[in-house]
Amino acid sequence: MKPLASIPSAMPRSGIREVMELAAEMVDVIHLEVGEPDVNTPDQIIDGACAAAKAGWTKYTSNAGYPSLRAAIVRKLATENGLTASADQVVVTAGAVGALATGVLAVIDPGDEVLVPDPGWPNYTSITLVAGGRPVVYPLRRDDGYLPDLAALRSLVTTRTKLLVINSPANPTGAVFPEPVVRALVEFAQEHDLYVLSDEVYEALVFEGEHVPAARFDRDGRVITVFGCSKTYAMTGWRLGYGVASPPIAELMAKLQEPLVSCASSVSQKAAEVALAMDQAPVRAMRDAYRARRDLVVAALGPRLASVPAGALYALVDVSEAGRDSYAVVRSLLAEARVATAPGETFGASGAGIVRISIATSPDLLAEGCRRIVAFLDRQATHPGAGLDRAAGR
Ligand SMILES: Cc1ncc(COP(=O)(O)O)c(C=O)c1O
């Protein structure tokens, strides 16, 4: 038989999924590997979705989503984000991933280069590859508080560079880009005639500072912003996100939904309408609960944290005393300390010597997980290499 397609065959697997599968076969494991809210979707949203399904909102919708939801999103953009947009700039998608994928597909041609952060969410790379593009990583350095360095970015721009991907609040670093940084990034894109894909799915999870939407500085319609319900409303399984872009880009994104998913789920769209319309107190309560967990992690891990996360759902832990191969350290942490973490290198080469933990776990489990990590690292310090799963490779 002819070989299967080369792009998906060569695409790297997410290191997080690998750990999940290993951990699933073990008992007494504390799960800190996945970035998923540990609470259920607020009742009001679930009740609204059930009522909508009973009332017959169970059919295909237009590619770009229900007009009523897009209108609700336009209102949210104005009140929460300070952005003026019209409904024809909004595309409702199957998760934020759907908006990221259609956003990339709408602007790049095969062979175009896409600047993606390192460390950064691995899907930026896989989406670029699926679109036939070439991911080019730009560094986010720990010493810079994981903020982008314009000089480093500038040195990577070529005639094929088409798109800059930015993410704040950031996964996995927890960095929240201050306004001057966001403004400078959009100006950099203007200077080099690049599109910007701004992933802002963690907009509601900011512990210090404020979330600054990149589109605020967009003078000529080059910023595609991606938001979602997964993290804001604990709705990961509903698969509901949305993109906001200039009308020509939004039109292409909506068109691209046709061969991919046709449209986002009708019931989830109705749920999102309830979520956007309801009093946002549950969202603030979730954010405050995550902030308390972040504080717990900071107290428990202290200097072993690579930085103090100002937002999102994660903390990076410096495990370099146990080794640079983060995959090996993750396997040892799992086997010896029974804590599942995500290998830093799944987020890019700069993740060597680092693992990511999710703070979206109950405080008791999070405290016990941190205690186990510290005990493991203490053992490494006194008996270097003890128990390290060095032989197993990746
Ligand atoms: C940075 C980032 N963007 C997007 C997503 C995907 O969100 P959704 O569930 O809405 O597809 C995630 C999920 O973990 C994420 O971490």
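This one's a predicted model, so the numbers in the text were calculated from it and none came from an experiment. (Residues numbered from 1 in each chain as written. Predicted model: local features only at pLDDT ≥ 70, side-chain atom pairs only at ≥ 80, totals over all residues. Heavy atoms only, no water.)

### Considering the layout of surface pockets
Step number 1: Looking at the largest pocket, its volume works out to about 1,100 Å³.
Step number 2: Taken together, 48 residues form the lining of the largest pocket, with Ser-14, Ile-16, Trp-121, Pro-122 and Asn-123 sitting closest to its centre.
Step number 3: If you list the elements that add at least two residues to the lining of the largest pocket, you get α2 (15-24), α5 (95-107), β3 (113-118) and α6 (123-130).
Step number 4: The biggest single contributor to the lining of the largest pocket is α6, with five residues. (1 Å grid on protein atoms, 1.4 Å probe; cavity = no way out; pocket = protein on both sides within 12 Å on 5 of 7 lines; lining within 4 Å. Points joined across faces, edges and corners; volume = space filled by probe spheres on them. Helix = DSSP H or I, 4+ residues; strand = E, 2+ residues; numbered from the N terminus.)

### Describing the environment of Glu-258
Step number 1: Within the secondary structure, Glu-258 sits in helix α9 (residues 247-260).
Step number 2: Taking relative accessible area as the criterion, Glu-258 reaches 52% and is therefore assigned exposed.
Step number 3: In this structure, the C-alpha to C-alpha distance between Glu-258 and Leu-313, residues 55 residues apart in sequence, is 32 Å. (Buried < 20%, exposed > 50% of the residue type's maximum accessible area, 1.4 Å probe, protein only.)

### Observations concerning the environment of Asp-149
Step number 1: For Asp-149, the location among the structural elements is in the loop between β4 (134-139) and α7 (150-156).
Step number 2: Separated by 67 residues in the primary sequence, Asp-149 and Gly-82 place their C-alpha atoms 26 Å from one another.
Step number 3: The residues contacting Asp-149, other than those within four sequence positions of it, are Pro-139, Arg-141 and Asp-144.
Step number 4: Here the side chain of Asp-149 touches Ala-151 through a polar contact of 3.2 Å, landing on its backbone nitrogen. (Contact = heavy atoms within 4.5 Å. Polar contact = N/O pair within 3.5 Å; in protein donor to acceptor, adjacent residues only side chain to side chain.)

### Points about the pairing of strand β6 (residues 195-199)
Step number 1: Counted residue by residue, β6 has four buried out of five residues, so it is predominantly covered.
Step number 2: Note that strand β5 (residues 161-167) and β6 share five bridges and pair parallel. Within the sheet, the bridge partner assigned to Val-165 lies in β6 and is Leu-197.
Step number 3: Each parallel crossover has a hand, and the one from β5 via helix α8 (residues 179-191) to β6 is right-handed.
Step number 4: Across four bridges, the pairing between β6 and strand β7 (residues 223-228) is parallel. Each residue of the ladder has a partner; that of Asp-199, found in β7, is Val-226. (Pairing = 2+ DSSP bridges. Right-handed = clockwise from strand over helix to strand, strands pointing away.)

### Considerations on the confidence of the model for the protein
Step number 1: The predicted model of the protein has a mean per-residue pLDDT of 95, with 97% of residues at 70 or higher.
Step number 2: Below pLDDT 50 for its whole length, residues 389-394 participates in twelve contacts with residues either more than four positions away or in separate chains. (pLDDT = per-residue confidence, 0-100.)

### Concerning the sheet that holds strand β9 (residues 314-318)
Backbone hydrogen bonds are what pair the strands of a sheet, in a parallel or an antiparallel way.
Step number 1: Read from one edge to the other, the open sheet built from three strands follows the order β9-β12-β11, with strand pairing classed as antiparallel. The open sheet is flanked by β9 and β11 (342-343), the only strands paired with a single partner.
Step number 2: Where β9 and strand β12 (residues 354-358) come together, five bridges link them in antiparallel fashion. The partner of Asp-318 across the bridge, within β12, is Ile-354.

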